[in-house]
Amino acid sequence: MHGSDAINSEEKLLVCRSDGETSIHKHDFVEIVYFETGIGTHYIDKQTYAARNGNVCVLNTEVEHFYSIKRETSNQISVINIIFYPDFFSGNYTGHNFIDEFYYSLFNEHIDKNNQTKYIQLSRDLNKEISNLFHMLKREFEKKDIGYLELCRSLITTILIKIFNDYRKNITQKENTLSNSNKSLVENIISYLKRNIQK
């Protein structure tokens, strides 16, 4: 999918609501998806994630994905899409690596030093505040008052900072859990060795 089919070349941004399932696709723009209503599945780069209201996903360019409705429910999936070219933001961001580059520009560190981050999927509710930010962004983009692109840029930056911070918390919690389980494993091994060496 090409951004030129949807994104105004002067704005380099589109904020819209879409309903229903999508077919597998990839595109030449960065996408932030906010699942507003419904229950389904989001397939990203051959991985499967639950999709329900409050979930957020940030996708670099050229990442294959689609979402489908959970058949047992009658709810339609409704999302707010933020799609933009990387050069919507000042700076030398590239599409394939936008997430890492933008994250680095905000926090002066890399998300993952070993790998390029193709996407971030947060499968839990961020909170009412981020929902409000998405809706405010959509309203401002639709109104197109003087200065709306700068306001949209600020709101998207705020949304990304909140997503990145939540992502960092999730990673830290996983690392701490892993560290605690490793510590427990080491303690059990030492205890076992002490019992068996003394015999």
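The structure we're discussing is the one just above.
Quick caveat: nothing in here was measured; it's all calculated off a predicted structure.

J.: What should I look at first to understand the sheet that holds strand β6 (residues 65-69) in this one?
T.: By definition, the strands of a sheet pair up through backbone hydrogen bonds, in either a parallel or an antiparallel sense. Ordered in space as β4-β3-β6, the three strands form an open sheet in which the pairing is antiparallel. Two strands in the sheet have a free side with no partner beyond their single neighbour: β4 (47-52) and β6. For this sheet, the mean inter-axis angle between neighbouring strands, taken without regard to orientation, is 25°. As judged from the five bridges shared by strand β3 (residues 39-44) and β6, these two strands associate in the antiparallel manner.

J.: I would appreciate a short explanation of the packing of aromatic side chains in the present structure.
T.: How two aromatic rings sit relative to each other is given by the distance of their centres and the angle of their planes. Per the stated rule, a full pass over the model turns up seven aromatic pairs. A ring pair is formed by tyrosine 34 and phenylalanine 134, whose centres lie 4.7 Å apart and whose planes are at 20°; its orientation type is stacked. Here tyrosine 34 is found in strand β2 (residues 30-37), whereas its partner phenylalanine 134 is found in helix α2 (residues 128-143), with 100 residues between them in sequence. Taking relative accessible area as the criterion, phenylalanine 134 reaches 0% and is therefore assigned buried. The interplanar angle of 80° and the centroid separation of 5.5 Å between the aromatic rings of phenylalanine 84 and phenylalanine 89 together place this pair among those described as edge-to-face. We classify phenylalanine 84 as buried; its relative accessible area is 0%. On the basis of relative accessibility, which here comes to 4%, the residue phenylalanine 89 falls in the buried class. Put simply, the rings of Phe84, Phe88 and Phe89 touch in pairs and so form one group of aromatic residues.

Reading the values: the criteria
- Residues numbered from 1 in each chain as written.
- Predicted model: local features only at pLDDT ≥ 70, side-chain atom pairs only at ≥ 80, totals over all residues.
- Heavy atoms only, no water.
- Pairing = 2+ DSSP bridges.
- Helix = DSSP H or I, 4+ residues; strand = E, 2+ residues; numbered from the N terminus.
- Axes fitted to C-alpha atoms, helices over the stretch in contact; angles between N-to-C directions.
- Phe/Tyr/Trp six-rings, centres within 6.5 Å; stacked < 30°, edge-to-face > 60°.
- Buried < 20%, exposed > 50% of the residue type's maximum accessible area, 1.4 Å probe, protein only.

None of this, on its own, says anything about what the molecule does.
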